[in-house]
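# Report on the structure
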2 protein chains.
Amino acid sequence: MMHVIGVDLGGTKTAAGVVAADGSVLFSEQIPTLNREGGNAILGATAALVARLLRRAAGEGIAVGRVGVGSAGVIDAASGTVVSATDSILGWAGTGLAAGLAERLGFPRDSVRAVNDVHAHALGEAWRGAAAGSSSSLMVAFGTGVGGSFVLDGSPVLGHRYVGGHVGHFASPYAYHEGKALPCVCGGSGHVEAIASGPAIHESFVRFGGSPDVPDTRAVFALALHGDAAAIKAIGAGAGAAGQALGGLVNILDPETVVVSGGLADAGDLWWKPMERAMRKELMGPLADIPVLRAALGNTAAIVGAAKLVLN
Amino acid sequence: MMHVIGVDLGGTKTAAGVVAADGSVLFSEQIPTLNREGGNAILGATAALVARLLRRAAGEGIAVGRVGVGSAGVIDAASGTVVSATDSILGWAGTGLAAGLAERLGFPRDSVRAVNDVHAHALGEAWRGAAAGSSSSLMVAFGTGVGGSFVLDGSPVLGHRYVGGHVGHFASPYAYHEGKALPCVCGGSGHVEAIASGPAIHESFVRFGGSPDVPDTRAVFALALHGDAAAIKAIGAGAGAAGQALGGLVNILDPETVVVSGGLADAGDLWWKPMERAMRKELMGPLADIPVLRAALGNTAAIVGAAKLVLN
């Protein structure tokens, strides 16, 4: 049976696992991403991580010949290079990701492929996770940021410039305060991410009169469970914006299944219920019963999806 | 050389033409759609229209063996049936469009295919119109309604329930008045179509203090050219909402080319300039230079796109 390695290269950590042809992860390891040290350092550390997995696999008699990578940043999937990236990984833009890994591993160039990590995540959920069996699915992750991917007939729709899936960056009526559009990390304003991301919920809490000493979004959720008005309002705005955005995306794309992922999707009914209510309010009639499912693969989704890139 | 017939079946008129394999329309005819008389009457009149074209083609020595239809309503493209339709065509929902035409024409069942007319329109522009040569394009029409289609590798993305492309039905910050979401024809509220369609611009004009005696959107544009403040404001809101929506869609889908169609796209710089400005303001960095083109095929776009359905 064929095995491959899937790599999930994020802004803070890089995880990789040996994945079987059926999508099961045999074993995996994780390292911090050297996000201040530039592309070469990251490639070196990632290749070393993959090499360790290869040795472990060889020790168990498992042959592995290919590597798929889901990476933070805009990734040119044809060439496997990093087109652009945020400052969360310094010096990542311009890196020849697939070629650099292949060279360091002594693998043929075409045995390594790479896509953006959100697309890998969605592909994993579409293949073996919450949307398994669906011919099309829309996955949206609400967490530190808001991103997504539309997987159609087994392939994520990457976009002509590999920028597709920036579903956090369209206008939201929720992303206004006293008539002014809230700033978005992308440089624009009034976007879904500016009100619906985890950090945005914390910012809303403070804007709604909550104490700036409350350290993070998790603490805002804890306060909401105890009835804190600003916390409830901030979570309601984030969840409402998330659901409204999802509903609009469903009207545009009509996927068979919707998968919701990210830290907020795991935060329980306090977020999920108003999110789903706002989503269903938006839907055109024939879409009313669309399944909206919580992501099922957890941390391994992008590893599994990255593996799928090289399993065909 | 192979020829086919393309049919554009809309709420008020039905046009059909004989189309060559290169997409050129040899000749075409048009009839009113019998939009109060039910599915059978429409099928009969459409079959008669097609039969006339077949005779005319035969008279010129041209053999035609297939028919493609772009029709108003949600069309199940696999079976060629009308899933649902608005009251603009009474009794259209449930009609076996492709099978009914094939039967009336004495054609084999699989020689007639149908999709929604907006998808046919976009496919025509993608194949032989403004987006010819692009591997992917997003076409959005701003007119009586707002609809669109994302054409990827030569095929419109129809959606799992054939509802994809309802790009007028997602939330717009522009679609609010005094804090209240404007009603949308889909039954929802606060949607792009509720502020950016042609009729919505007329409604905004009246809401902004314009005279209710001004008969239509065309008259609002005429007033704007003469400096009328309510008219300028209404067009600015519609164009701003249209552009903001388009920009968000581009961030989500990253098409190679954007095509803008419909009556408002033909209304000149008064609408186009603020539309494009609002659109470009939304775009993520790598999308900044995306081409935004006016539709090129005019009334024949859906005929050409419908023909393409049966030319492969």
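Per an unreviewed UniProt entry, the recorded name for chain A is ROK family protein, and the organism is Arthrobacter methylotrophus. Looking at chain A in UniProt, the text filed under Sequence similarities (unreviewed entry) is "Belongs to the ROK (NagC/XylR) family."

Our focus in this paragraph is the domain arrangement of chain A. Residue and element names in this part refer to chain A. Under the domain assignment used here, chain A contains domain 1 (3-123 + 300-309) and domain 2 (133-295). Just the C-alpha atoms count here: the centres of domain 1 and domain 2 sit 27 Å apart. The interface is formed by 11 residues belonging to domain 1 together with 16 residues belonging to domain 2. Between domain 1 and domain 2, roughly 1,000 Å² of surface is buried when both sides are summed, and carbon and sulfur atoms account for 73% of that area. Together, Val74, His119 and Ala122 form the three largest contributors to the area buried by domain 1 at its contact with domain 2, with a combined 47%. In this structure, the connection of domain 1 to domain 2 is made through 5 residue pairs in polar contact (both at pLDDT 80 or more). Of all the secondary-structure elements, those providing two or more residues to the side of domain 1 that touches domain 2 are strand 5 (74-76) and helix 3 (117-128). Ranked by residues supplied to the side of domain 1 that touches domain 2, first place goes to helix 3 with 5 residues. Here the residues of the side of domain 1 that touches domain 2 are counted per class, giving 8 nonpolar, 2 polar and 1 charged.

All names here are of chain B. For helix 7 (residues 229-253), which comprises 25 residues, the first-to-last C-alpha distance of 36 Å matches the rise-based estimate of 36 Å (1.5 Å per residue) to within 8%. Of all 25 residues that make up helix 7, 21 are buried, and the element is covered over most of its length. Where helix 7 begins, the side chain of Asp228 points an oxygen toward the backbone nitrogen of Ala230, at a separation of 3.1 Å. Directly beyond the C-terminal end of helix 7, a positive phi value near 45° is found at Asp254.

So, on to the packing of helix 5 (residues 198-207) of chain B against helix 6 (residues 217-225) of chain B. Residue and element names in this part refer to chain B. It is the contact of helix 5 with helix 6, at a shortest axis distance of 8 Å, that shows an interaxial angle of 55°. It follows that helix 5 is oblique to helix 6 by the angle criterion. Handedness of the helix 5/helix 6 crossing: left-handed. Residues Gly198, Pro199, Ile201, His202 and Phe205 of helix 5 touch helix 6, and the partners they reach there are Thr217, Val220 and Leu223. Of the residues in the contact of helix 5 with helix 6, the class split is 5 nonpolar, 3 polar and no charged.

This paragraph deals with the sheet that holds strand 14 (residues 292-294) of chain B. Residue and element names in this part refer to chain B. Taken in spatial order, the 5 strands of this open sheet run 10-9-8-13-14, and their pairing is mixed. Edge strands, defined here as strands with exactly one partner in the open sheet, are strand 10 (155-156) and strand 14. Strand direction decides the pairing type here: strand 8 (residues 136-142) and strand 13 (residues 257-261), joined by 5 bridges, are parallel. If you follow Ser137 over to strand 13, its bridge partner there is Thr257. Packed on one face of the sheet, helix 3 (residues 117-128) meets strand 8, strand 9 (146-152), strand 10 and strand 13 and runs near 50° to strand 9.

Below, the discussion takes up the pattern of salt bridges. Think of it this way: side chains of opposite charge can pair up when their charged atoms draw near. All chains considered together, the criterion is met by 12 salt bridges over all chains. Across the pair Arg161 of chain A and Asp254 of chain B runs a salt bridge, and its minimum N-O distance is 2.6 Å. Of this pair, Arg161 of chain A sits in the loop between strand 10 (155-156) and strand 11 (176-177) while Asp254 of chain B sits in the loop between helix 7 and strand 13, on two different chains. Judged by its relative accessible area of 0%, Asp254 of chain B is buried. Ionic pairing is found between Arg56 of chain B and Glu29 of chain B, a salt bridge with its closest N-O pair at 3.8 Å. In this pair, Arg56 of chain B is assigned in helix 1 (residues 38-59) and Glu29 of chain B in strand 3 (residues 25-32), connecting sequence segments 27 residues apart. Owing to a relative accessible area of 37%, Arg56 of chain B belongs among the partly exposed residues under this scheme. Taken together, the shared-partner salt bridges in this structure form one network comprising Glu29, Arg52 and Arg56 of chain A.

So, about empty space enclosed by the protein. To find the voids left in a structure, one rolls a probe of water-molecule size over its atoms. With the rule as written, the count across this model stands at 4 cavities of 30 Å³ or more. In this structure, the largest cavity occupies an estimated 70 Å³ of space. If you trace the largest cavity, you find it lined by His119, Leu138, Gly148, Ser149, Phe150, Val157, Gly164, Gly165, Val167 and Leu253 of chain A together with Ile252 and Leu253 of chain B. Those elements that provide at least two residues to the lining of the largest cavity are strand 9 (146-152) of chain A together with helix 7 of chain B. Split by residue class, the lining of the largest cavity holds 7 nonpolar, 5 polar and no charged. Quantified by volume, the second largest cavity comes out at close to 60 Å³. Lining the second largest cavity are Ile252 and Leu253 of chain A together with Leu138, Ser149, Phe150, Val157, Gly165, Val167 and Leu253 of chain B. Residue classes in the lining of the second largest cavity are distributed as 7 nonpolar, 2 polar and no charged.

Criteria and thresholds
- Residues numbered from 1 in each chain as written.
- Chains lettered and ligands numbered in written order.
- Predicted model: local features only at pLDDT ≥ 70, side-chain atom pairs only at ≥ 80, totals over all residues.
- Heavy atoms only, no water.
- UniProt positions renumbered as here; feature names shortened; annotations may be inferred.
- Domains from an automatic or database assignment.
- Contact = heavy atoms within 4.5 Å.
- Buried area = accessible area lost by both parts, 1.4 Å probe.
- Polar contact = N/O pair within 3.5 Å; in protein donor to acceptor, adjacent residues only side chain to side chain.
- Helix = DSSP H or I, 4+ residues; strand = E, 2+ residues; numbered from the N terminus.
- Nonpolar A, V, L, I, M, F, W, Y, C, P; charged D, E, K, R; others polar.
- Expected span 1.5 Å × (residues − 1).
- Buried < 20%, exposed > 50% of the residue type's maximum accessible area, 1.4 Å probe, protein only.
- Axes fitted to C-alpha atoms, helices over the stretch in contact; angles between N-to-C directions.
- Parallel < 35°, antiparallel > 145°, perpendicular 65-115°, else oblique.
- Left-handed = near helix turned anticlockwise from the far one by under 90°.
- Pairing = 2+ DSSP bridges.
- Salt bridge = Lys/Arg side-chain N within 4 Å of Asp/Glu carboxyl O.
- 1 Å grid on protein atoms, 1.4 Å probe; cavity = no way out; pocket = protein on both sides within 12 Å on 5 of 7 lines; lining within 4 Å.
- Points joined across faces, edges and corners; volume = space filled by probe spheres on them.

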